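# Tertiary structure, described
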Amino acid sequence: MNKRIRQYIGLFSAVLMYYIIHEGAHLIYAPSVGVFRHINFMGLGVQIGIYEEQMSNL
């Protein structure tokens, strides 16, 4: 396999793992403290929506 192809596969897998681990942690934590609102799918990314007013009480 070409070196450049392996680099792109490595970059893609690193970004994918970021979303799985980082946003997954938000997805687990938000419902556990009762502030989960929804999941935003934004272009190439995912964002966990929360109720900010309730977070300030924590």
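Here the structure is shown first, and the text comes after it.
How each quantity is defined
- Here the residue numbering is sequential within each chain, running from 1 through the sequence in written order.
- The model is predicted, so local features are restricted to residues of pLDDT at least 70 and side-chain atom pairs to those at 80 or more, both for listing and for counting; the totals for chains, interfaces and linings are taken over all residues.
- In computing side-chain values, all of the structure's heavy atoms are included and hydrogens and water are not.
- Numbering of helices and strands runs from the N terminus, with a helix taken as a DSSP run of H or I at least four residues long and a strand as a DSSP run of E at least two residues long.
- In this treatment the radius of gyration is a C-alpha quantity, and the globule benchmark scales as 2.2 Å times the residue count to the 0.38 power.
- Any residue under 20% of the maximum accessible area for its type is buried, any over 50% is exposed, and the rest in between are partly exposed; the area is computed with a 1.4 Å probe on protein chains only.
- Pairs of residues are marked as contacts when any of their non-hydrogen atoms sit within 4.5 Å.
- Every accessible area reported is derived by Shrake-Rupley at a probe size of 1.4 Å, with residue values counting cover from the shown protein chains alone.
- To pair, rings of Phe, Tyr and Trp, with the six-membered ring standing in for Trp, must have centres within 6.5 Å; the planes then decide the type, stacked if under 30 degrees apart, edge-to-face if over 60, and tilted in the middle.
- Two strands make a pair as long as DSSP finds a minimum of two bridges between them.
- When charges are counted, neither His nor the chain ends are considered; positive counts come from Lys and Arg and negative counts from Asp and Glu.
- Between Lys or Arg on one side and Asp or Glu on the other, a salt bridge is scored when a side-chain nitrogen of the former is within 4 Å of a carboxyl oxygen of the latter.
- Each patch is assembled from residues with relative accessible area greater than 30% and no salt bridge, linking like charges that lie within 9 Å and nonpolar side chains (Val, Leu, Ile, Met, Phe, Trp, Tyr) that lie within 5 Å.
- The span you would expect from a helix comes to 1.5 Å times its residue count less one.

### Description of the overall build of the protein
When its secondary structure is counted, the protein shows two helices and two strands. The order of helices and strands in the protein, counted from the N terminus, is α-β-β-α. A compact globule built from 58 residues would reach a C-alpha radius of gyration of about 10 Å, whereas the protein, at 16 Å, exceeds it by more than 25%. Once the C-alpha set of the protein is aligned to its principal axes, its extents read approximately 50 × 20 × 15 Å. Expressed as a percentage of its 58 residues, the buried residues of the protein come to 12%. Pairs at least 24 apart in sequence give 17% of the contacts found in the protein among residues at least 6 apart. For the protein, the exposed surface amounts to about 4,900 Å²; the carbon and sulfur share of it is 65%.

### Things to note about the packing of aromatic side chains
In the structure shown here, the tally under the stated rule is one aromatic pair. Between Tyr-18 and Tyr-19, the aromatic rings sit 5.3 Å apart at their centres with planes inclined by 65 degrees, giving edge-to-face as the arrangement. Assessed through its relative accessible area of 28%, Tyr-19 is described here as partly exposed.

### Some words on the pairing of strand β2 (residues 45–50)
Alignment of strand β1 (residues 36–42) against β2, held across six bridges, turns out to be antiparallel. Along β2, the bridge assignment pairs His-38 with Gly-49.

### Focus: the side chain of Glu-23
Mapped onto the elements of the fold, Glu-23 is located in helix α1 (residues 3–33). Nearest to the buried, unbridged Glu-23 among oppositely charged side chains is Arg-37, at 13 Å. Filtering out sequence-adjacent residues up to four positions away, Glu-23 remains in contact with Tyr-18, Val-46, Gln-47 and Ile-48.

### Focus on a nonpolar patch on the surface
A cluster of nonpolar side chains, Phe-12, Leu-16, Met-17, Ile-20 and Ile-21, forms an exposed patch at the surface whose accessible area comes to about 530 Å². Mapped onto the elements, Ile-21 comes out in helix α1. Accessibility expressed as a relative area gives 55% for Ile-21, which makes it exposed.

### Thoughts on α1
Look at α1: 45 Å from first C-alpha to last across 31 residues, which is about the 45 Å you get at 1.5 Å a residue. Where the residues of α1 are buried, they touch β1 and β2.

Taken by themselves, the reported measurements are silent on function.
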